[in-house]
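Reading the structure
Listed below are the residues making up each chain.
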Amino acid sequence: MAEAQYDFGLATHLDADALGEPGHRTFRLLVRSGSSSALLWIEKQQLIALGLAIEQVLAQVAPQEAQRGEFTLSTGPISDFPLNPQVEFRVGQLQLGHDAVNQQFQLIVGESEDEEREARQPRLTVRTRYRLANRLSKQIAALAAAGRPRCPLCGEPLGPEPHHCALSNGHVH
Ligand SMILES: [Zn+2]
């Protein structure tokens, strides 16, 4: 694999948050490794796909970790993230690698609108332990659910698919 422009090593913090009103939210991945920080603007669908991919791998390789705790979403942006991160760009290609031996994931992030660079080298790579990855996937799921309308009966977020409500005797609404 080509060497990344920024190799963050092992992440110490990995967060996702959203700015703006529901329906017009802008999503970010906030990466920290020691004193290094990167702010990565990311499309909602891409962020959700990342969360699901982590969840799926963890369910296979570390089910006990995947079941660990619900994530409580704090409202608003992550407060203690540096105002002037060393690295900031819009995500183009995003790859998730899995290292079973070290029980880590690797995020390989390319920059948007820079196809040539993506082909040559990724912009940033960072590794994360299972626990931090699991926390991130739960955080992403909570973010995704927060932007959706909720069922008035059971409170579950409503998606594009029909909702089979547990509280309305199986009626779809
Ligand atoms: Zn319902």
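My aim in this report is to walk through the structure given alongside it, one point at a time. (Residues numbered from 1 in each chain as written. Predicted model: local features only at pLDDT ≥ 70, side-chain atom pairs only at ≥ 80, totals over all residues. Heavy atoms only, no water.)

Another point: the coordination of the zinc ion. Ligation of the zinc ion by protein atoms is provided by Cys 151 (SG), Cys 154 (SG), His 163 (NE2) and Cys 165 (SG), these donors lying 2.1 to 2.4 Å from the ion. The sequence motif formed by the donor residues of the zinc ion is C-x2-C-x8-H-x1-C. According to the relative accessible area criterion, Cys 154 is partly exposed, its value standing at 27%. (Donors = N, O, S within 2.8 Å, 3.2 Å for Na, K, Ca; no water. Buried < 20%, exposed > 50% of the residue type's maximum accessible area, 1.4 Å probe, protein only.)

To continue, consider unusual backbone geometry. A positive phi angle, close to 55 degrees, is found at Gln 103, a residue other than glycine. Secondary-structure assignment places Gln 103 in the loop between strand E5 (87-99) and strand E6 (104-111). Taking the relative accessible area as the measure of exposure, Gln 103 reaches 47% and is therefore partly exposed. (Helix = DSSP H or I, 4+ residues; strand = E, 2+ residues; numbered from the N terminus.)

This part is about the pairing of E6. Within E6, seven of the eight residues are buried, which leaves it mostly tucked inside the rest of the structure. Here seven bridges tie E5 to E6, and the two strands are oriented antiparallel to one another. From the neighbouring strand, His 98 faces E6, where its bridge partner is Phe 105. The pairing of E6 with strand E7 (residues 124-129) spans six bridges and is classified as antiparallel. (Pairing = 2+ DSSP bridges.)

The next subject is the side chain of Gln 139. One can find Gln 139 in helix H4 (residues 130-146). A relative accessible area of 2% places Gln 139 in the buried class. Polar side-chain contacts of Gln 139 include one of 3.3 Å to the side chain of Asp 15. (Polar contact = N/O pair within 3.5 Å; in protein donor to acceptor, adjacent residues only side chain to side chain.)

The subject of this paragraph is the nonpolar core. Membership of the largest hydrophobic core comes to 31 residues, with the highest contact counts inside it found for Leu 29, Leu 40, Leu 47, Leu 124 and Leu 136. The set of elements that each furnish at least two residues to this core consists of strand E2 (13-19), strand E3 (26-33), strand E4 (36-42), helix H1 (44-61), E5, E6, E7 and H4. At six residues, the largest contribution of residues to this core is made by H4. Residues in contact with Leu 124, not counting those within four places in the same chain, are Ala 4, Tyr 6, Phe 8, Ala 38, Val 87, Phe 89, Leu 107, Ile 108 and Val 109. Grouped together as the second largest cluster of nonpolar side chains are five residues, Leu 30, Leu 39, Trp 41 and Phe 81 included. (Core = buried A, V, L, I, M, F, W, Y, C linked by side-chain atoms within 4.5 Å. Contact = heavy atoms within 4.5 Å.)

Let us look at the pattern of salt bridges. For the structure shown, the criterion picks out seven salt bridges. A salt bridge links Arg 90 to Glu 43, with the shortest nitrogen-to-oxygen separation between them at 3.9 Å. Of this pair, Arg 90 sits in strand E5 while Glu 43 sits in the loop between E4 and H1, and the two are 47 residues apart along the sequence. The partner of Arg 131 in a salt bridge is Glu 65, and the shortest N-O contact between them spans 3.8 Å. Within this pair, whereas Arg 131 is found in helix H4, its partner Glu 65 is found in helix H2 (residues 63-66), the two being separated by 66 residues in sequence. Taken together, the salt bridges that share partners define one network made up of Asp 15, Arg 32, Asp 80 and Arg 135. (Salt bridge = Lys/Arg side-chain N within 4 Å of Asp/Glu carboxyl O.)

A few words on the packing of aromatic side chains. In total, this model carries one aromatic pair according to the counting rule given. Centre to centre, the rings of Phe 105 and Tyr 130 are 5.7 Å apart; their planes meet at 55 degrees, and the pair counts as tilted. Placement of Phe 105 in strand E6 and of Tyr 130 in helix H4 is noted, with a sequence separation of 25 residues between them. A residue is classified by how much of its surface remains accessible, and Phe 105, at 1% relative accessible area, is buried. (Phe/Tyr/Trp six-rings, centres within 6.5 Å; stacked < 30°, edge-to-face > 60°.)

Locating Ile 78 in the fold gives a position in the loop between H2 and E5. Residue classification places Ile 78 among the buried residues on the basis of a relative accessible area of 16%. In this structure the C-alpha to C-alpha distance between Ile 78 and Asp 17, which are 61 residues apart in sequence, comes to 6.7 Å. For Ile 78, the residues in contact, after removing those within four places along its chain, are Asp 15, Ala 16, Asp 17, Leu 30, Arg 32 and Gln 139.

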